[in-house]
Amino acid sequence: QKLVPAIVTYVRNISADNTDLRAILAEKIPREQERVKNFRKQYGATKMGEVTVDMMYGGMRGIKGLVCETSVLDPDEGIRFRGLSIPECQKVLPKAKGGAEPLPEGLFWLLITGDVPTQAQVDALSREWANRAALPSHVVTMLNNFPTTLHPMSQLSCAVTALNSESKFARAYSEGVHKSKYWEYAYEDSMDLIAKLPVAAATIYRNTYMDGKGIGAIDTKKDWSANFTSMLGFDNETFTELMRLYLTIHSDHEGGNVSAHTVHLVGSALSDPYLSFAAGMNGLAGPLHGLANQEVLVWLQKMMKELGNDLSEKNIKDFIWKTLKSGQVVPGYGHAVLRKTDPRYMVQREFAQKHLPDYPLFKLVSTIFTTVPPILTELGKVKNPWPNVDAHSGVLLQYYGLKEMNYYTVLFGVSRALGVLAGLVWDRALGLPIERPKSFSTDALMKAVGASK
């Protein structure tokens, strides 16, 4: 018993010195497989709540039916990445030299291993992604031939699908690899895809909104976010810090949101990570998911156009009531799960208070932050009258000059890859089967509950 603390310390020190992420997973996965196996053996028949008819008609909201290892969303305190809140992640995750925001590489390490990484481990991951970043020539040719009128999310989806030509998972499966090895090839594809996404996304941005000239070479001495902002054409270090924060906080929101669930669902058919992620991006492109921050800006611009320079609290309140009485919602407010202000909103607000406190659009968003919740509470139809992440992100991007709103969902997609692909590796590691819930017709459901037609 006296040896146990020393052994634990020794093991932790070995882990801290190991910068080989794949090797660390190869150690962790067998232990987790055994833990889940034993848990299911003992508690597999345990019931988790009840499903109501309203849940079935209401988009399965509230039904507990998924396993997501990477994050859990608490209605009252918000997202926790492997048990850590966003402020805790900001405190403990490694940062760039001279930076204040966590590096997304560190969050990915946390999501996929459950461990807070060291600076050396994060730096090793930055270098590995830089070395994996090159796009195959056929994907570059395809992107360069898209019309600029094609929506950036459509371009991203096409690019990710075309990258399927590089899938090590698909190749290994066709050669008959044993299912115990699936996670290894899902890991390789996920690492390659995360590395290549900023290159594809930057190519889309420059082709669609700029001169279409080359994005420049990846710098292996830069971190993932710094390379991304450089390829986009920005050299403002504070904007790079914003992107580090943005790419971290948008990465994961447990397993039930459209993009995460779609990646999980398509991956359950043993589609490779490229095809699975492309499907998730098609879901993220929807106005009820990833397009929400764009809708917030459109609504703000409409407000400013209608009210002019008279953005008094009274006029803002009147505009909000006008929006609601016309049958529309206030974009950026409310959430399917959260019952308090989204922590992702708050960290963006803190960033704005620090770096752009006098920006007129931020001041407007701040006024709305204090104005909308009481109105929605008075309305009595909204369970969560507080702002979510989308109510703030677009304002920050506008300030730093990234004004093309149609592109914002692409940024969201690059970030979301961190969470959903980490989850996909674990789906294959745990051998989760093809997803196939039972469905009913309305007549069958009526019969099941004893209701008359």
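Keep in mind the model is a prediction, meaning the values are calculated, not measured.

Before going further, it helps to spend a moment on empty space enclosed by the protein. This structure, assessed with the given rule, holds three cavities of 30 Å³ or more. Considered as a void within the structure, the largest cavity measures approximately 170 Å³ in volume. Lining the largest cavity are 18 residues, with Val67, Cys68, His264, Gly423 and Asp427 positioned closest to its centre. Every element with two or more residues in the lining of the largest cavity is listed here: helix H13 (258-268) and helix H20 (408-429). Among the elements that line the lining of the largest cavity, the one with the most residues is H20, at six residues. Of the residues in the lining of the largest cavity, the class split is ten nonpolar, five polar and three charged. The calculated volume of the second largest cavity comes to roughly 80 Å³. Considering the residues around the second largest cavity, the lining is formed by 13 residues, among which Trp129, Ala130, Ile218, Trp224 and Asn227 are closest to the centre. Elements with a minimum of two residues in the lining of the second largest cavity: helix H6 (119-131), helix H10 (182-209) and helix H11 (224-232). By residue class, the composition of the lining of the second largest cavity is nine nonpolar, two polar and two charged.

We now examine the sheet that holds strand E3 (residues 84-85). Taken together, three strands build an open sheet; the order of strands is E1-E2-E3 and the sheet is antiparallel. Edge positions in the open sheet fall to strand E1 (71-74) and E3, since each of these has one partner strand only. In terms of strand pairing, E1 meets strand E2 (residues 78-81) through four bridges, oriented antiparallel. Counted as the bridge partner of Val72 is Arg80 from E2.

With that out of the way, let us pick up the domain arrangement of the protein chain. Considered domain by domain, the protein chain is made up of domain 1 (127-288 + 405-430) and domain 2 (290-400). Spacing between the C-alpha centres of domain 1 and domain 2 amounts to 29 Å. Taken together, the 24 residues of domain 1 in the interface contact 23 residues of domain 2. Taking both partners together, domain 1 and domain 2 bury about 2,000 Å²; carbon and sulfur atoms supply 67% of that area. Sorting the residues of domain 1 by area buried against domain 2 places Leu242, Met405 and Tyr408 first, and these three jointly supply 29% of that buried surface. Counting every contact that joins domain 1 to domain 2 gives zero salt bridges.

By size, the foremost hydrophobic cluster in this structure holds 114 residues, and its most contacted members are Phe108, Phe228, Phe277, Leu300, Leu402 and Tyr407. Considering every element that reaches this core, the biggest residue donor is H20, with 14 residues. When residues of this core are sorted by domain, at least three fall in each of domain 1 (127-288 + 405-430) and domain 2 (290-400). Every residue in contact with Leu300, bar those within four places of it in the chain, is listed here: Leu361, Leu364, Val365, Ile368 and Val395. Among the nonpolar cores identified, the runner-up in size contains five residues, and Phe169, Val177, Tyr182 and Ala186 belong to it.

Glancing now at the packing of aromatic side chains. What the rule picks out here adds up to 15 aromatic pairs. Arranged with centres 5.8 Å apart and planes meeting at 45 degrees, the rings of Phe239 and Tyr400 form a pair that is tilted. Note that Phe239 is positioned in helix H12 (residues 237-249) and Tyr400 in the loop between helix H19 (390-399) and H20, a separation of 161 residues in sequence. Each member of the pair, Phe239 together with Tyr400, is buried. In this structure an aromatic cluster arises from ring pairing among Tyr205, Tyr209, Phe234, Phe239, Tyr359, Tyr399, Tyr400 and Tyr407. Here Lys438 stacks its cationic end above the ring of Phe440, 5.7 Å away from the centre of that ring.

Turning to the pairing of E2, a few remarks are in order. Looking along a regular strand, one sees side chains alternate from face to face of the sheet. The loop that links E1 with its antiparallel partner E2 comprises three residues. In this antiparallel pair of consecutive strands, E2 and E3, the connection spans two residues, and Arg82 shows a positive phi of 50 degrees.

Here we take up the UniProt feature "active site" (unreviewed entry) in the protein chain. Look at the UniProt record and you will see "active site" (unreviewed entry) annotated at His289, His335 and Asp390. A maximum C-alpha distance of 10.7 Å among these annotated residues, which run over 102 residues, shows that they cluster at one spot. Along the chain, the position of His289 falls in the loop between helix H14 (273-284) and helix H15 (292-307). Taking the relative accessible area as the measure of exposure, His289 reaches 14% and is therefore buried. Once you skip the residues sitting within four places of it in the chain, His289 turns out to touch Asn257, Val258, Ser259, Gly283, Leu284, Asp390 and Arg416. Relative to the assigned elements, His335 resides in the loop between helix H16 (313-325) and helix H17 (343-355). For His335, a relative accessible area of 25% puts it in the partly exposed group. Sequence-distant contacts of His335, that is, excluding residues within four places in its chain, are made with Leu73, His253, Arg344, Asn384 and Asn388.

Cut-offs used in this document
- Residues numbered from 1 in each chain as written.
- Predicted model: local features only at pLDDT ≥ 70, side-chain atom pairs only at ≥ 80, totals over all residues.
- Heavy atoms only, no water.
- 1 Å grid on protein atoms, 1.4 Å probe; cavity = no way out; pocket = protein on both sides within 12 Å on 5 of 7 lines; lining within 4 Å.
- Points joined across faces, edges and corners; volume = space filled by probe spheres on them.
- Helix = DSSP H or I, 4+ residues; strand = E, 2+ residues; numbered from the N terminus.
- Nonpolar A, V, L, I, M, F, W, Y, C, P; charged D, E, K, R; others polar.
- Pairing = 2+ DSSP bridges.
- Domains from an automatic or database assignment.
- Contact = heavy atoms within 4.5 Å.
- Buried area = accessible area lost by both parts, 1.4 Å probe.
- Salt bridge = Lys/Arg side-chain N within 4 Å of Asp/Glu carboxyl O.
- Core = buried A, V, L, I, M, F, W, Y, C linked by side-chain atoms within 4.5 Å.
- Buried < 20%, exposed > 50% of the residue type's maximum accessible area, 1.4 Å probe, protein only.
- Phe/Tyr/Trp six-rings, centres within 6.5 Å; stacked < 30°, edge-to-face > 60°.
- Lys NZ or Arg CZ within 6 Å of the ring centre and 35° of its normal.
- UniProt positions renumbered as here; feature names shortened; annotations may be inferred.

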